[in-house]
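# Inside the fold
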Amino acid sequence: MGYAANHSFKIQKGLYLDERKGAAFLKARACIKGQIHFTNTETTDFKRAERIALSWFRGLLNVQQGIGPSRSMGAAAEAFLASIQSPQKRISHQAKWNIAREFFKPWDVVDVSPKVLNDFLKWRRESAAKDGKTLTPSTLHKDLVTIRQALKHAVLEGWLATLPAPFPPVGKIAANPRPWLDPDEWTTLQRVAKARIGEDNLNPRTKQQREELYDFCLLMVHSCARVDEVRRLRVRDCAVKRLKDKGRPYLEMRIQGKTGNRKSIGWSGAASAYERLVKRRSLQPDDLLFREHHRDGFRELLDAAGLRKDGFGNVRNLKSLRSTGLMMRIKANPRINLKLLADNAGTSVAMLDTFYLKRLSVDLNVEELV
């Protein structure tokens, strides 16, 4: 529709917001040394338009004074994202910034205060509530991590003197690991997976997908790696080796991980899965071990095995396989070197203690309890 008439509102000396007849959004108008400048705020919200106008006006004044333009949160975030080397980290932070961008559009980095960050959290909660959702403290914490990294990059670039402090609290983050499969459930899942591969009248494409899914499950559980880490594995990243005294095979892997690159060991199941994958498709050194994500296929497998949810109603997915591997390793050897296990999985002893050992404390001490 647009505005019905022309109106002008003074923000400060030399800066105005205008409602122009027929225009869809508020316009900012600045007068600096006799020159008139205009910009479209692209919003009808007066407070938001005011922030956008002030940021724009400050930039014009800085240019006039020869001290360079002010930097917006958008510029800081984009510069931070461009600096990330890991594709997976970039995707993760980009997803968070895509949500936060709308709120931070009017703000320059120098204006982001603890109050602004707290207002952002309120905005996130209110936006989610409108969609009938409730955000967990963990989700809000991850949002703030992305914002903090963007502001930290602004400090490194000299656009901001120091980080705003303190960052607002998001609430207590519950230690709630992915639901895993206990040994009996893991055995059931493997049995059902093999039975589905052997079904009559399967078309070649479906059979191939189920075979690859079975090997994906084995490699996940026997390596305790993350889903995306396994998906990035190429033939050249892996080598089957054997223990000197027992001749038992294991898989040595060079993993591009969430916490950096590392050498990791996968147990015998990972080695056999790797050999089948290479042989089945005559894979070459540069080939990926897995062509597909298998998220949907694994969901169908869980449903077929009656294991989609654990006993507490928690829904399992591919990430449950990493939890399964870690839990089974700890249960099989309660005195396992946790530092070694954590390093192999690309995590920390603190994370193992918080997300795994507390859940297993009863199982590991049944004799003392009884």
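The structure reproduced in this document is the subject of the present report. Everything numeric in this text was worked out from a predicted model, so none of it was measured. (Residues numbered from 1 in each chain as written. Predicted model: local features only at pLDDT ≥ 70, side-chain atom pairs only at ≥ 80, totals over all residues. Heavy atoms only, no water.)

### Topic: the overall build of the protein
Assigned secondary structure in the protein consists of 14 helices and 7 strands. A compact globule built from 370 residues should have a C-alpha radius of gyration of about 21 Å, whereas the protein, at 27 Å, is more than 25% larger. Oriented by its inertia axes, the alpha-carbon framework of the protein measures out at about 85 × 55 × 40 Å. Taking all 370 residues of the protein together, the buried fraction comes to 39%. (Helix = DSSP H or I, 4+ residues; strand = E, 2+ residues; numbered from the N terminus. Rg over C-alpha atoms; globule rule 2.2 N^0.38 Å. Buried < 20%, exposed > 50% of the residue type's maximum accessible area, 1.4 Å probe, protein only.)

### Focus: the pairing of strand 6 (residues 249-257)
Across 5 bridges, the pairing between strand 5 (residues 238-242) and strand 6 is antiparallel. What sits directly across from Lys241, in strand 6, is Tyr250. Following strand 5, the chain reverses through 6 residues before pairing antiparallel with strand 6; Gly247 in that reversal takes a positive phi of roughly 75 degrees. With 7 bridges joining them, strand 6 and strand 7 (residues 260-266) adopt antiparallel strand pairing. If you follow Gly257 over to strand 7, its bridge partner there is Gly260. (Pairing = 2+ DSSP bridges.)

### Description of the sheet that holds strand 5
Ordered in space as 5-6-7, the 3 strands form an open sheet in which the pairing is antiparallel. Looking at the sheet topology across the chains shown, the edges are occupied by strand 5 and strand 7. For this sheet, the mean inter-axis angle between neighbouring strands, taken without regard to orientation, is 25 degrees. Together, strand 6 and strand 7 form the strand contacts of helix 7 (residues 204-223), whose direction differs from that of strand 7 by roughly 100 degrees. (Axes fitted to C-alpha atoms, helices over the stretch in contact; angles between N-to-C directions. Contact = heavy atoms within 4.5 Å.)

### Topic: the sheet that holds strand 3 (residues 27-32)
If you walk across this open sheet you meet the 4 strands as 1-2-3-4, and the pairing is antiparallel. In this open sheet, the two edge strands, each paired with only one partner strand, are strand 1 (7-12) and strand 4 (35-40). Across this sheet, the average inter-strand angle for adjacent strands is 25 degrees, counted without regard to direction.

### Some words on the pattern of salt bridges
Applying the stated criterion to the full structure yields 25 salt bridges. Notably, a salt bridge pairs Asp119 with Lys115, separated by 2.9 Å at the nearest N-O pair. Pair noted here: Asp119 and Lys115 are both in helix 4 (residues 114-130), with a separation of 4 residues, about one helical turn. We classify Asp119 as partly exposed; its relative accessible area is 25%. Judged by relative accessible area, which is 56%, Lys115 ranks as exposed. Close ionic contact of Arg124 with Asp143 constitutes a salt bridge, the shortest N to O distance being 2.8 Å. Remark: Asp143 occurs in helix 5 (residues 137-156) and Arg124 occurs in helix 4; sequence separation between them is 19 residues. (Salt bridge = Lys/Arg side-chain N within 4 Å of Asp/Glu carboxyl O.)

### Description of the nonpolar core
Counting residues in hydrophobic clusters, the biggest one holds 38 residues, and the most contacted among them are Trp186, Leu189, Leu219, Leu289, Phe298, Leu301 and Leu321. Tallying contributions element by element places helix 7 first for this core, with 8 residues. Not counting residues up to four positions away in its chain, the partners in contact with Leu219 are Val230, Leu233, Met253, Ala270, Ala273, Leu277, Leu289 and Phe290. Of all hydrophobic cores here, the second largest spans 26 residues; its members include Met73, Trp107, Ile147 and Val170. (Core = buried A, V, L, I, M, F, W, Y, C linked by side-chain atoms within 4.5 Å.)

### Some remarks on the packing of aromatic side chains
Tallying each qualifying case throughout the model produces 8 aromatic pairs. One aromatic cluster is present, built from ring pairs that chain together Trp97, Phe103, Phe104, Phe120 and Trp123. Stacked on the ring of Tyr16, the Lys or Arg Arg29 has its end atom at 4.5 Å from the ring centre. Looking at Arg329, its charged tip hangs above the ring of Trp267, at a distance of 3.8 Å from the centre. (Phe/Tyr/Trp six-rings, centres within 6.5 Å; stacked < 30°, edge-to-face > 60°. Lys NZ or Arg CZ within 6 Å of the ring centre and 35° of its normal.)

### What about the environment of Leu160?
Checked against the element boundaries, Leu160 lands in the loop between helix 5 and helix 6 (183-197). For the pair Leu160 and Val112, spaced 48 residues apart in sequence, the C-alpha to C-alpha distance is 9.9 Å. Sequence-distant contacts of Leu160, defined by excluding residues within four places in its chain, comprise Val109, Val110, Leu151, Ala154 and Val155.

### Details of the state of the cysteines
Throughout the structure, instances matching the rule amount to 0 disulfides. Cys224 provides the cysteine sulfur closest to Cys217, a residue in no disulfide bond, and the two sulfurs are 14 Å apart. A residue is classified by how much of its surface remains accessible, and Cys224, at 1% relative accessible area, is buried. (Disulfide = S-S within 2.5 Å.)

### Regarding the packing of helix 2 (residues 73-83) against helix 5
Packed helices, taken two at a time, are described by the angle their axes make and the gap between the axes. In contact at an axis separation of 8 Å, helix 2 and helix 5 are set at 95 degrees when each is read in the N-to-C sense. With respect to helix 5, the axis of helix 2 lies roughly perpendicular. Note on element contacts: helix 5 touches helix 2 through Thr146, Ile147, Gln149, Ala150, Leu151, His153 and Ala154, opposite Met73, Ala76, Ala77, Ala79, Phe80 and Ser83. Tallied by class, residues from the contact of helix 2 with helix 5 come to 9 nonpolar, 4 polar and no charged. (Parallel < 35°, antiparallel > 145°, perpendicular 65-115°, else oblique. Nonpolar A, V, L, I, M, F, W, Y, C, P; charged D, E, K, R; others polar.)

### Details of helix 3 (residues 87-104)
Compared with an ideal rise of 1.5 Å per residue, which puts 18 residues at 26 Å, helix 3 spans 24 Å between its outermost C-alpha atoms and is within 8% of the ideal. Along helix 3, the helix axis deviates most sharply at Asn98, where the bend reaches about 35 degrees. Those residues of helix 3 that fall on the buried side of the exposure criterion are His93, Lys96, Trp97, Ala100, Phe103 and Phe104. (Expected span 1.5 Å × (residues − 1). Bend = angle between axes of the 7 residues up to and from the residue.)

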